Amino acid sequence: MSTQPNWITAHEPLNSAREVPVSQEYAARFLNMHPKTVLRKARQGSVPAHPIGTDRKRWHFYLSELDDWLRSQAITTGHARS
């Protein structure tokens, strides 16, 4: 029996892979924002983010969630962010 954790759950397709979280700096480049702005928006709950630990000083970001959020902002405002 393998000691490796099973990363694929029953509801996931066999060919899917888990998305790797990105850093605040990478998320900032993706969103074309300053890293401190991304951190502030994460703390406010304005952008999709996941705190690491209880101090809320470090955050994980997922590009798929950021992409969905960015697209929803473009639809809501009626134009894409430049």
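Residues numbered from 1 in each chain as written. Predicted model: local features only at pLDDT ≥ 70, side-chain atom pairs only at ≥ 80, totals over all residues. Heavy atoms only, no water.

**Points about the overall build of the protein**
No. 1: For the protein, the helix and strand inventory stands at three helices and two strands.
No. 2: The order of α-helices and β-strands along the protein, N terminus first, is α-α-β-β-α.
No. 3: Residue pairs in contact within the protein that sit at least 24 positions apart in sequence constitute 36% of those at least 6 positions apart.
No. 4: With the model as given, the accessible surface of the protein reaches about 6400 Å², and the carbon-plus-sulfur share is 54%. (Helix = DSSP H or I, 4+ residues; strand = E, 2+ residues; numbered from the N terminus. Contact = heavy atoms within 4.5 Å. Areas by Shrake-Rupley, 256 points an atom, 1.4 Å probe, with all protein chains shown as cover.)

**So, the environment of E65**
No. 1: Along the polypeptide, E65 turns up in helix α3 (residues 63–77).
No. 2: Residue classification places E65 among the partly exposed residues on the basis of a relative accessible area of 28%.
No. 3: Considering only alpha carbons, one finds E65 and P48, 17 residues apart in sequence, at a separation of 6.3 Å.
No. 4: For E65, the contacting residues outside a window of four places in its chain are P48 and H50. (Buried < 20%, exposed > 50% of the residue type's maximum accessible area, 1.4 Å probe, protein only.)

**Considering the packing of helix α1 (residues 24–31) against helix α2 (residues 35–44)**
To describe two helices that pack against each other, one gives the angle between their axes and the distance between the axes.
No. 1: Between α1 and α2, the least distance of the axes is 8 Å, while the angle of their chain directions is 100°. Considered as vectors, α1 and α2 are oriented roughly perpendicular to each other. Here α1 contributes Q24, A27, A28 and L31 to the contact with α2, which in turn contributes P35, K36, V38 and L39.
No. 2: When the residues that make up the contact of α1 with α2 are grouped by side-chain class, the tally is six nonpolar, one polar and one charged. (Axes fitted to C-alpha atoms, helices over the stretch in contact; angles between N-to-C directions. Parallel < 35°, antiparallel > 145°, perpendicular 65-115°, else oblique. Nonpolar A, V, L, I, M, F, W, Y, C, P; charged D, E, K, R; others polar.)

**Topic: α2**
No. 1: All of the buried residues along α2 are V38, L39 and A42. Within α2, the buried residues cover an arc of 100° as seen down the axis, which keeps them to one side. Turned more than 90 degrees away from the buried face of α2 sit K36 and Q44, all of them exposed.
No. 2: For α2, the elements touching its buried residues are α1 and β2 (58–60). (Arc of directions from axis to C-beta.)

**Quick word on α1**
No. 1: All of the buried residues in α1 are Q24, A27, A28 and L31. For α1, the angular spread of buried residues about the axis comes to 105°, placing them on one side.
No. 2: Trailing α1 by a residue or two, N32 shows a phi angle of about 60°, which is positive.

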